[in-house]
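Here are the chains, one letter per residue:
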Amino acid sequence: MSQPIKQQIGNIALVVDNYDDAIAFYTQKLQFTLVEDTDLGGGKRWVQVSPPNSNGTNLLLAQASNDAQQQAVGNQTGGRVFLFLQTNDFWRDYEDMKAKGVVFNEAPREEAYGTVVVFQDLYGNKWDLLQLKHTD
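Residues numbered from 1 in each chain as written. Predicted model: local features only at pLDDT ≥ 70, side-chain atom pairs only at ≥ 80, totals over all residues. Heavy atoms only, no water.

Undergrad: Is there a simple way to think about helix α1 (residues 19-29) in this case?
TA: For an α-helix, the turn length of 3.6 residues means that residues three or four places apart are oriented alike. All of the buried residues along α1 are Y19, A22, I23, F25 and Y26. The arc that holds the buried residues of α1, viewed along the axis, is 165°, so those residues lie on one side. As for α1, its buried residues are in contact with β1 (11-16), β2 (33-41), β3 (44-50), β4 (58-63), β8 (114-120) and β9 (126-132). One side-chain oxygen of the residue at the start of α1 lies 2.9 Å from the amide nitrogen of D20, identifying that residue as N18. Immediately beyond the C-terminal end of α1, within one or two residues, lies Q31, with a positive phi of roughly 65°. (Buried < 20%, exposed > 50% of the residue type's maximum accessible area, 1.4 Å probe, protein only. Helix = DSSP H or I, 4+ residues; strand = E, 2+ residues; numbered from the N terminus. Arc of directions from axis to C-beta. Contact = heavy atoms within 4.5 Å. Polar contact = N/O pair within 3.5 Å; in protein donor to acceptor, adjacent residues only side chain to side chain.)

Right under this line is the structure:
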């Protein structure tokens with residue numbers, strides 16, 4: 001008998017302008033953990049960051065290495081929200097991020113699914129900060 005399919009997304013690549021600036025933003029302003037920063041030679045690094053106490057997907061920070069990649073920095077999804085940062089305490093994280101200078105595109109709002117606000121990373125990629133409503 002074959003094993004059931006079990007898969008997960010391990011990393012999501014995020015094209016950045018500069019490794020160190022991106023690490024500083026994610027670890028200092030969003031409180032992410034630096035999971036790995038390995039020098040691969042030739043100016044390339046394997047850099048992974050992850051939200052606090054996360055048990056899944058990491059962001060792989062990939063420094064742009066050509067013109068096409070440089071053009072994608074800050075606009076990986078054509079202006080749509082790119083990533084969704086779920087939290088167990090929306091207002092704690094919102095106030096902390098606001099105090100640290102994170103740019104928000106709107107005021108927080110209540111939706112049928114939870115509390116949400118759109119913010120930008122240091123390059124302008126749009127994110128949702130989201131606390132889902134509990135469902136029974």
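So that's the structure; there's more coming.
Undergrad: Help me understand the UniProt feature "domain: VOC" (unreviewed entry) in the chain, please; the structure alone is not making it clear to me.
TA: According to UniProt, the positions carrying the feature "domain: VOC" (unreviewed entry) are residues 8-132. Overall, residues 8-132 shows 22% helix and 42% strand. The separation of its end C-alpha atoms is 21 Å. (UniProt positions renumbered as here; feature names shortened; annotations may be inferred.)

Undergrad: Help me understand the sheet that holds β3, please; the structure alone is not making it clear to me.
TA: Each strand in a sheet pairs with another by means of backbone hydrogen bonds, the pair being arranged parallel or else antiparallel. Here four strands make up an open sheet; going across it, the order is β1-β4-β3-β2 and the pairing mixed. Edge strands, defined here as strands with exactly one partner in the open sheet, are β1 and β2. On average, each strand axis in the sheet is tilted by 25° relative to the strand beside it, whichever way the strands run. One ladder, built from seven bridges, connects β2 with β3; its direction is antiparallel. Counterpart to D39 in the pairing with β3 is R45. (Pairing = 2+ DSSP bridges. Axes fitted to C-alpha atoms, helices over the stretch in contact; angles between N-to-C directions.)

Undergrad: What am I meant to see in the layout of surface pockets here?
TA: If a probe the size of a water molecule is rolled over the atoms, the empty space left behind becomes visible. In this structure, the largest pocket spans a volume of roughly 600 Å³. Breaking the lining of the largest pocket down by element, the ones donating at least two residues are β4, β5 (81-86), α3 (90-99) and β9. In terms of residues, the lining of the largest pocket owes the most to one element, β5, which gives five residues. When its volume is computed, the second largest pocket comes out at roughly 200 Å³. Along its surface, the second largest pocket is lined by V15, Y19, L40, K44, R45, W46, L60, L61, A62, Q63, S65 and Q69. For the lining of the second largest pocket, the secondary structure elements donating two or more residues are β3 and β4. Here the element with the most residues in the lining of the second largest pocket is β4; it accounts for four residues. (1 Å grid on protein atoms, 1.4 Å probe; cavity = no way out; pocket = protein on both sides within 12 Å on 5 of 7 lines; lining within 4 Å. Points joined across faces, edges and corners; volume = space filled by probe spheres on them.)

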